[in-house]
Amino acid sequence: MVETFPITTYFMLLLLFISFLVSTLGKPKLSTNCLPSKFQNPVYQNRKLQNLDIISKLRDDHDAIKLASSDYGNMVHEIPASVLYPTSINDIETLIKFAHNNSAPFTIAARGQGHSVRGQAMARNGVVVNMRSLKNHRNGFGITVSGTPSMGFFYADVGGEQLWIDVLNATLEHGLAPVSFTDYLYLTVGGTLSNAGISGQTFRYGPQISNVYEMDVITGEGDFVTCSPEKNRKLFYAVLGGLGQFGIIVRARIALEPAPKRVKWVRMLYNDFSVFTKDQESLISLNGRKQKNALNYLEGLLLMDKGTPENWRSTFFPLSDHSRIISLVTKYGIIYCIEVAKYYDDHTLNSVDKELQVLFEGLSFIPGFTFEKDISYIDFLNRVQSGEQKLQSQGLWDTPHPWLNLFVPKSHISDFNSIVFKDIVLKRNITTGVVLVYPMNRNKWDDRMSAVIPDEDVFYTIGFLHTIGFNDWETIDLQNKDILQSCYNAGIEVKQYLPNYKTMEDWKNHFGMKWRTFQERKAQFDPKMILSPGQRIFNNN
Ligand code: FAD
């Protein structure tokens, strides 16, 4: 329910503010040292705002503030002055224009699902735009599918607030689907396009940002701009991977292709890291979009838990094989697992096994340690949701998540194994959660976009996706710092994915050659530095 601001008397406001303070102070999760000083905040000070339509869509009740000041990471809590629940794109334009034209501009952060882990979608003392609110006001046009069948050209126009699972379901009704996904589909289109959107499909189809034809964006000046590689291209490339710094994505045109029906999902185990990476690299070298014999998906993970070969994200191995896999883990400390998928449908039903067999010839996994599943396409893409439900039921979904995601150049991946996996992770025996390791091809990314990747043709993504209780996150955080420091000491030039830095100097290093362009784009599209302050790039105090 949307609450309206009582604007008639000062005393009513004061009463609300006091009750907000009381209700907030009682809640342990909200940090009290940054409670909004409502009457000092330009959001409230300015009478002009109170005359705008959007005033009735701003909320500062406990539930709205609590949601906007928390995220999946559950480690950072920044309290906004207010939360906008837009019912139209115009509401967002009005808010940004108002902030931009204000003598004391306030910050604004779009919040998708708030699945960031370090407060990136928060706005201390500013306004958080709850993008999901738009979903209920699209009049059936939140996701529309179009195309030219004779040319095999299809796309979906989707609101920035839409979840990928909803995009998938809507496009499947037309026998179509996006080509590049994230592992977990309950993320918003605007949120993943602000980062990159990566998964096992990236080596072949590129990240999600490489599969966008056009966007509608509301810039930091409150201008509604349609952009594409042909039109307003500077904004287009700035926004993709732009960490929310240049505008709020309200529509994206996503590339679609005919959807397959089923998936052969295979895992194979290795006890030697260099053999594991050699095989991964060989498999991703077949990566043409139209190359029929190429895989559709490739990832990799570490098995280190001596209690179970499964992790929170998926249940894969047959129960009857658990004990022999655990024996391997016990013997070697770390077992490396390649995970691949090959899609098929009625036309390829009879050839898919043969194609996989050919692909696997020459691979050097441990004999007898390959495992295969045959599942529907939607179940494959939505595989992480059952993991979420499991963690929800164990009360482990809302715990802190000190996740660390890195891109590591191929030339240093072996050093990374010795220095990080063996000398840090294995020795400290923090084996809960998932550690992902898989390579990608640089030529599937577009360097004009804001996303930052290593400067090598092949690089690896490493994801430390821990599942922990409420009290353990600082130990993991310390480990994360040690990992970054050890890489630095060893000259391994890692780039953070979903980056989190504290100083401008760190951000400069992160962007490297792209820093100047990033700054220029900020000056052009968000000159008052209003947008996405939670990234702490230009608002890092
Ligand atoms: P938010 O966290 O709400 O926002 C992220 C940033 O984008 C913020 O700075 C915000 O201000 C900005 N933003 C949000 N919406 C918009 C918009 N419409 N326009 C402009 N800026 C906007 N990532 C992957 O790439 N691959 C994965 O497989 C993957 N799996 C994940 C699994 C889980 C369980 C979780 C929690 C996260 C995962 N992520 C993955 C990370 C995810 O991509 C990021 O958290 C991303 O930010 C999307 O989350 P969100 O939609 O909730 O965005």
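You'll find the structure just up there.
For clarity, every value in this text was computed on a predicted model and none was experimentally measured.

Criteria and cut-off values
Residues numbered from 1 in each chain as written. Predicted model: local features only at pLDDT ≥ 70, side-chain atom pairs only at ≥ 80, totals over all residues. Heavy atoms only, no water. Helix = DSSP H or I, 4+ residues; strand = E, 2+ residues; numbered from the N terminus. Contact = heavy atoms within 4.5 Å. Core = buried A, V, L, I, M, F, W, Y, C linked by side-chain atoms within 4.5 Å. Buried < 20%, exposed > 50% of the residue type's maximum accessible area, 1.4 Å probe, protein only. Phe/Tyr/Trp six-rings, centres within 6.5 Å; stacked < 30°, edge-to-face > 60°. Lys NZ or Arg CZ within 6 Å of the ring centre and 35° of its normal. Polar contact = N/O pair within 3.5 Å; in protein donor to acceptor, adjacent residues only side chain to side chain. Axes fitted to C-alpha atoms, helices over the stretch in contact; angles between N-to-C directions. Parallel < 35°, antiparallel > 145°, perpendicular 65-115°, else oblique. Left-handed = near helix turned anticlockwise from the far one by under 90°. Nonpolar A, V, L, I, M, F, W, Y, C, P; charged D, E, K, R; others polar.

S.K.: Help me understand the side chain of K444, please; the structure alone is not making it clear to me.
M.R.: Here K444 shows up in the loop between β16 (434-441) and β17 (458-465). Aside from chain neighbours lying at most four places away, what touches K444 is T202, F203, R204, G206, P207, S210, N287 and G288.

S.K.: How should I be thinking about the nonpolar core in this particular structure?
M.R.: A general feature of soluble globular proteins is that nonpolar side chains tend to end up buried together. Membership of the largest hydrophobic core comes to 129 residues, with the highest contact counts inside it found for L269, F416 and F421. For this core, the leading source of residues is strand β13 (residues 335-344), giving 7 residues. With residues up to four places along the chain from it excluded, the contact list for F421 reads F273, L302, I334, F416, L426, V435, V437, I462 and F464. Counting 20 residues, the second-largest nonpolar core is a separate cluster that includes I108, V127, I248 and V250.

S.K.: I'm lost on the packing of aromatic side chains in this one. Help?
M.R.: What characterises a pair of aromatic rings is the spacing of the ring centres plus the angle enclosed by the ring planes. Summed over the entire model, instances satisfying the criterion amount to 38 aromatic pairs. Summarising the aromatic geometry, the rings of F98 and F106 are spaced 5.9 Å apart at their centres and angled 45° between planes, so their arrangement reads as tilted. A relative accessible area of 3% places F106 in the buried class. Seen from their ring centres, Y184 and Y186 are 5.6 Å apart, and the 40° between their planes marks the pair as tilted. Overall, the relative accessible area of 12% leaves Y184 in the buried class. Here the aromatic cluster, defined as three or more aromatic residues joined through ring pairs, consists of W265, Y297, F316, F317, Y343, F369, F371, Y377 and F380. Above the plane of the ring of F369 lies R324, whose end atom (NZ or CZ) is 4.3 Å from the centre. For R383, the ring lying beneath its charged end belongs to F380, and the centroid distance is 4.5 Å.

S.K.: I'm lost on the side chain of S180 in this one. Help?
M.R.: Within the secondary structure, S180 sits in the loop between β7 (176-178) and α7 (189-193). Look at S180 and you get buried, because its relative accessible area is 2%. Within the structure, S180 has its side chain in polar contact with the backbone oxygen of G206 (distance 2.7 Å). Not counting chain neighbours up to four residues away, the residues in contact with S180 comprise G197, Q201, Y205, G206, P207, Q208 and N211.

S.K.: Before we go on, may I ask you to explain the packing of helix α15 (residues 413-428) against helix α16 (residues 473-489) in this structure?
M.R.: Describing two packed helices takes the angle between their axes plus the distance from one axis to the other. In contact at an axis separation of 10 Å, α15 and α16 are set at 155° when each is read in the N-to-C sense. Here α15 is positioned roughly antiparallel relative to α16, judged by the angle of their axes. The chirality of how α15 crosses α16 is right-handed. Packed against α15, whose contacting residues are F416, I419, V420, I424, V425 and R428, the element α16 presents L478, Q479, D482, I483, S486 and C487 at the interface. Residues of the contact of α15 with α16, tallied by class, amount to 8 nonpolar, 2 polar and 2 charged.

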